[in-house]
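Structural overview
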Amino acid sequence: MKDLPPVARLPILLLGMTSLIAGVMAGLARLAWDVPHLASNVAGLHGALMIGAFFGTVISLERAVAVGQRWAYLAPALAAVGGAMLLGNAPLTIAQTLSIAASLIMLASSLFVLRRLVAPFTLVLTIATTCWLIGNLAWLTSGLINVAVPWWLAFLVLTIAGERLELTRFLPTPAAARQVFYVIITVILGGATLSLWHDSGLKLFSGGLLALALWLLRFDIAWRNARLEALPRFIAICLLGGYLWLAFAGALGLAGAFEAGHPLRDSALHALGLGFVFAMVFGHAPIIFPAVARVRIPYHPAFYIPLALLHASLFLRIAGGLSGDFALRREGGLFNAIALLSFIASMLISVVRGRRAQIER
């Protein structure tokens, strides 16, 4: 069965991006900003839109491209449609069922890749997809997003960790360090599992996040690439900054910040979701999107502007959280949204530059 043409992938990607924009506005609604009713109506589904609908679409789309089989594109398509169902005020069970189906198909894609290449990183990526499935099932059976959040976060964190583990093949990583990596993954999974019954699991989960951040800061190839120029250096700086935010989120979590109702929950979640995950997105987008959409995204130093804005606005938001200043946290949230929008704009401008360069040739 032939692969799906790049032009046919674009509607899936655009629908996923719709969930991103709606999810960002839903997050602003939670901070008491005036947003369109469509977004304010789904303020309580902010996490589902950002993780399941957007990241579920993008990550499974990337996996489908790697598989090269048309059936694999059902995963991102279902995840994207699930996000549309959330925005369309359809019965919640429809969106939940679509998300479960998407994660099942993505798991099949991951197993397909694992069968072709049995390696530690492909195994970690398969485990990450399983975490998304478990989180979706937990959301459906409990009806509570909070129950699913540790598994959804594990999906994102382990996906990134698996991809970074692949690149450690180019470094002389000690065998003992690899064994520590596997222990860390086990701790994260154990914490997520325990969290289904007791909040103490969230602290174990957080300890795993902190340990993973320290491992990546020590053994990731980003330190070597940071001495290079242009895009490799930009990616490395994105990664290293993200690892620091991951460590900070883990430290907050050890203090109980991931627990529902904790005053620092917003800080912990966004240190992880924005500081770590989106820093990875900023760094890898110039590589991933050309592979998915077959468009050129030439590097430009202006890429640092959204990255700097992301870190600065997150610092502002977390400073408000730590001090109990809601107005400061609210302002930080607004600038978080501006940082993400400026990143999207920078990517679009770069695509236009790439097309002009091709025409001029």
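Residues numbered from 1 in each chain as written. Predicted model: local features only at pLDDT ≥ 70, side-chain atom pairs only at ≥ 80, totals over all residues. Heavy atoms only, no water.

The next point concerns the environment of isoleucine 127. Looking at the element boundaries, isoleucine 127 is found in helix α6 (residues 120-142). Using a relative accessible area of 25% as the deciding quantity, one classes isoleucine 127 as partly exposed. When near neighbours in sequence (up to four residues on either side) are disregarded, isoleucine 127 contacts Leu158 and Leu189. (Helix = DSSP H or I, 4+ residues; strand = E, 2+ residues; numbered from the N terminus. Buried < 20%, exposed > 50% of the residue type's maximum accessible area, 1.4 Å probe, protein only. Contact = heavy atoms within 4.5 Å.)

At their nearest, the axes of helix α3 (residues 46-67) and helix α7 (residues 145-167) sit 11 Å apart, and the two run at 30 degrees to each other. Judged by the inter-axis angle, α3 sits roughly parallel to α7. Handedness of the α3/α7 crossing: left-handed. In this structure, α3 contributes Gly47, Ala48, Ile51, Phe55, Gly56, Ile59, Glu62 and Arg63 to the contact, and α7 contributes Ile145, Trp152, Leu153, Phe155, Leu156, Thr159 and Glu163. For the contact of α3 with α7, a count of residues per class yields nine nonpolar, three polar and three charged. (Axes fitted to C-alpha atoms, helices over the stretch in contact; angles between N-to-C directions. Parallel < 35°, antiparallel > 145°, perpendicular 65-115°, else oblique. Left-handed = near helix turned anticlockwise from the far one by under 90°. Nonpolar A, V, L, I, M, F, W, Y, C, P; charged D, E, K, R; others polar.)

Glancing now at the pattern of salt bridges. Counting across every chain of the model gives four salt bridges. Here arginine 317 makes a salt bridge to aspartate 266, at a shortest N to O gap of 2.9 Å. Note that arginine 317 is positioned in helix α13 (residues 304-323) and aspartate 266 in helix α12 (residues 265-293), a separation of 51 residues in sequence. Pair check on accessibility: arginine 317 and aspartate 266 agree, each one buried. Among the salt bridges present, the one from arginine 329 reaches aspartate 266, with a minimum N-O distance of 3.5 Å. Here aspartate 266 lies in helix α12 and arginine 329 lies in helix α14 (residues 326-360), a separation of 63 residues in the sequence. Overall, the relative accessible area of 17% leaves aspartate 266 in the buried class. In this structure, a network of salt bridges that share partners links the residues Asp266, Arg317 and Arg329. (Salt bridge = Lys/Arg side-chain N within 4 Å of Asp/Glu carboxyl O.)

Next up on the list: the environment of leucine 15. When you line up the elements, leucine 15 lands in helix α1 (residues 6-30). On the basis of relative accessible area, leucine 15 is assigned to the partly exposed category, the value being 30%. Sequence spacing of leucine 15 and leucine 216 is 201 residues, and the spatial spacing of their C-alpha atoms is 33 Å. Once residues lying within four places of it in the same chain are set aside, the contact partners of leucine 15 are Ala80, Val81 and Ala84.

This paragraph deals with the nonpolar core. Leu212, Leu272, Phe276 and Phe278 are the most contacted members of the largest nonpolar core, which has 120 residues in total. At 15 residues, the largest contribution of residues to this core is made by α12. Dropping the residues within four chain positions of it, phenylalanine 278 is found in contact with Leu20, Met50, Phe54, Phe55, Gly273, Leu310 and Leu340. (Core = buried A, V, L, I, M, F, W, Y, C linked by side-chain atoms within 4.5 Å.)

Moving on, we get to the packing of aromatic side chains. Enumeration according to the criterion identifies 17 aromatic pairs in this entry. Relative to tryptophan 215, the ring of phenylalanine 181 has its centre 4.9 Å away and its plane inclined at 55 degrees; by these criteria the two rings are tilted. Taken as a pair, phenylalanine 181 in helix α8 (residues 175-194) and tryptophan 215 in helix α9 (residues 200-219) lie far apart in primary sequence, 34 residues in all. Residues phenylalanine 181 and tryptophan 215 agree in their burial class; the two are buried. Here phenylalanine 205 and phenylalanine 258 contribute two aromatic rings whose centre-to-centre distance is 6.2 Å and whose plane-to-plane angle is 80 degrees, an arrangement assigned as edge-to-face. Placement of phenylalanine 205 in helix α9 and of phenylalanine 258 in the loop between α11 (230-254) and α12 is noted, with a sequence separation of 53 residues between them. Assigned by exposure class, phenylalanine 205 and phenylalanine 258 land together as buried. (Phe/Tyr/Trp six-rings, centres within 6.5 Å; stacked < 30°, edge-to-face > 60°.)

The next point concerns the packing of α7 against α8. Two elements in contact, α7 and α8, have axes whose closest approach is 10 Å; the angle formed by their N-to-C orientations is 170 degrees. Judged by the inter-axis angle, α7 sits roughly antiparallel to α8. In this structure, α7 crosses over α8, and the sense of that crossing is left-handed. Taking contact as the criterion, the partners of Pro150, Trp151, Ala154, Leu158, Ala161 and Leu165 in α7 are, on α8, Arg178, Phe181, Ile185, Ile188, Leu189, Ala192 and Thr193. Residues of the contact of α7 with α8, tallied by class, amount to eleven nonpolar, one polar and one charged.

For the rest of this paragraph, the subject is the side chain of threonine 126. Its place among the elements puts threonine 126 in helix α6. Of note is the side chain of threonine 126, whose polar atom sits 2.8 Å from the backbone oxygen of threonine 122. Dropping the residues within four chain positions of it, threonine 126 is found in contact with Leu107, Ser110, Leu111 and Leu114. (Polar contact = N/O pair within 3.5 Å; in protein donor to acceptor, adjacent residues only side chain to side chain.)

Further remarks concern α13. A rise of 1.5 Å per residue sets the reference length of α13, with its 20 residues, at 28 Å; its end C-alpha atoms lie 28 Å apart and thus fit the reference within 8%. Taken residue by residue, α13 has Pro306, Leu307, Leu310, Ser313, Leu314, Arg317, Ile318, Gly320 and Gly321 as its buried positions. For α13, the angular spread of buried residues about the axis comes to 155 degrees, placing them on one side. Within α13, the exposed residues directed more than 90 degrees away from the buried face are Ile305, Phe315 and Ser323. The first or second residue beyond α13 is glycine 324, which carries a positive phi of 75 degrees. (Expected span 1.5 Å × (residues − 1). Arc of directions from axis to C-beta.)

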